[in-house]
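Residues per chain, in single letters:
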Amino acid sequence: MTGDDPTALHLDQFLPHPPAKVWRALTEPELIARWLMPGDFRLEVGHRYTMRGVAMPGTGFSGVVQAEVLAFTPGRMLRLGWRDAAPGDGACVDWTVTWTLEPEGTGTRLFLTHEGFDPDDPLQRRAHTIMGGGWRSRVVPALTDVLDRLPFPDPSRVR
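So, a few notes on the structure that sits alongside this text.

The next point concerns the pattern of salt bridges. In the structure shown here, the tally under the stated rule is seven salt bridges. Arg48 is the partner of Glu68 in a salt bridge, and the nearest nitrogen-oxygen pair spans 3.5 Å. With Glu68 in strand β3 (residues 64-73) and Arg48 in strand β2 (residues 48-52), the pair connects residues that are 20 residues apart, well separated along the chain. The shortest N-O distance in the salt bridge between Glu104 and Arg109 comes to 3.0 Å. Through salt bridges with shared partners, a single network forms among Asp12, Glu104 and Arg109.

Printed below as a string of structure tokens:
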């Protein structure tokens, strides 16, 4: 994670896999379920879907995320709206999670921006800290593991 922005998390990670392969892992529901959370994702702007993970009561996270595809550029960028379906403290938080892929040599530079944290809310500050660590120590390694096991994609599958 980079920077000291209390309203957002920023990740810059090199992955030794081509962008088309990384794009598959970010946009195919059965692959997303392996590294993030299962859900009924569909690559279509405006598509709303639900992901189910593990509740984290100390942050107010219920474990159920209501998400929406806000924008995408095939093979390059995916922007999602995220909202906890039943936050523990009753506060509704709207986050935006943006994945950006840039080719780098034979691999991909993956950028993640997770925005919308309220630095004046103690639970949001705690969530910022916990999620910052989680993206880096849990989610990216899980994504890398999926990519390591995934055959190189057929370029025609990039949507």
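With that settled, consider helix α3 (residues 122-149). Given a rise of 1.5 Å per residue, 28 residues ought to cover 40 Å, and the 39 Å separating the end C-alpha atoms of α3 matches this to within 8%. Where α3 bends most, the angle comes to about 40 degrees, and this point is Trp135. Within α3, burial applies to Gln124, Ala127, His128, Met131, Gly132, Gly134, Trp135, Val139, Val140, Leu143, Val146 and Leu147. Next to the buried residues of α3 lie β1 (8-15), α1 (19-27), α2 (29-35), β4 (77-84), β5 (94-104) and β6 (107-115).

Turning next to α1. Counting buried positions along α1 yields eight of nine residues, so the element is predominantly enclosed. When we look at burial in α1, the residues that qualify are Ala20, Lys21, Val22, Trp23, Arg24, Ala25, Leu26 and Thr27.

Thresholds applied
Every residue gets a number counted from 1 within its own chain, in the order that chain's sequence is written. Local features in this predicted model are restricted to residues whose pLDDT is 70 or higher, and side-chain atom pairs enter the listing and the counts only when it is 80 or higher, whereas totals over whole chains, interfaces and linings include all residues. With hydrogens and water stripped out, all remaining heavy atoms of the structure feed into the side-chain values. In what follows, salt bridge is the name for a side-chain nitrogen of Lys or Arg lying within 4 Å of a carboxyl oxygen of Asp or Glu. Secondary structure is summarised from DSSP: a helix means a run of H or I of at least four residues, a strand means a run of E of at least two, and numbering begins at the N terminus for each. Multiplying 1.5 Å by the helix residue count minus one yields the expected span of that helix. Bend at a residue means the angle formed by two fitted axes: the first through the 7 residues ending at that position, the second through the 7 residues beginning there. In this scheme, a residue with accessible area under 20% of its type's maximum is buried, one over 50% is exposed, and one in between is partly exposed, where area comes from a 1.4 Å probe on protein chains only. We call two residues in contact whenever any of their non-hydrogen atoms come within 4.5 Å of each other.

The quantities given are spatial measurements derived from coordinates; they are silent on function.
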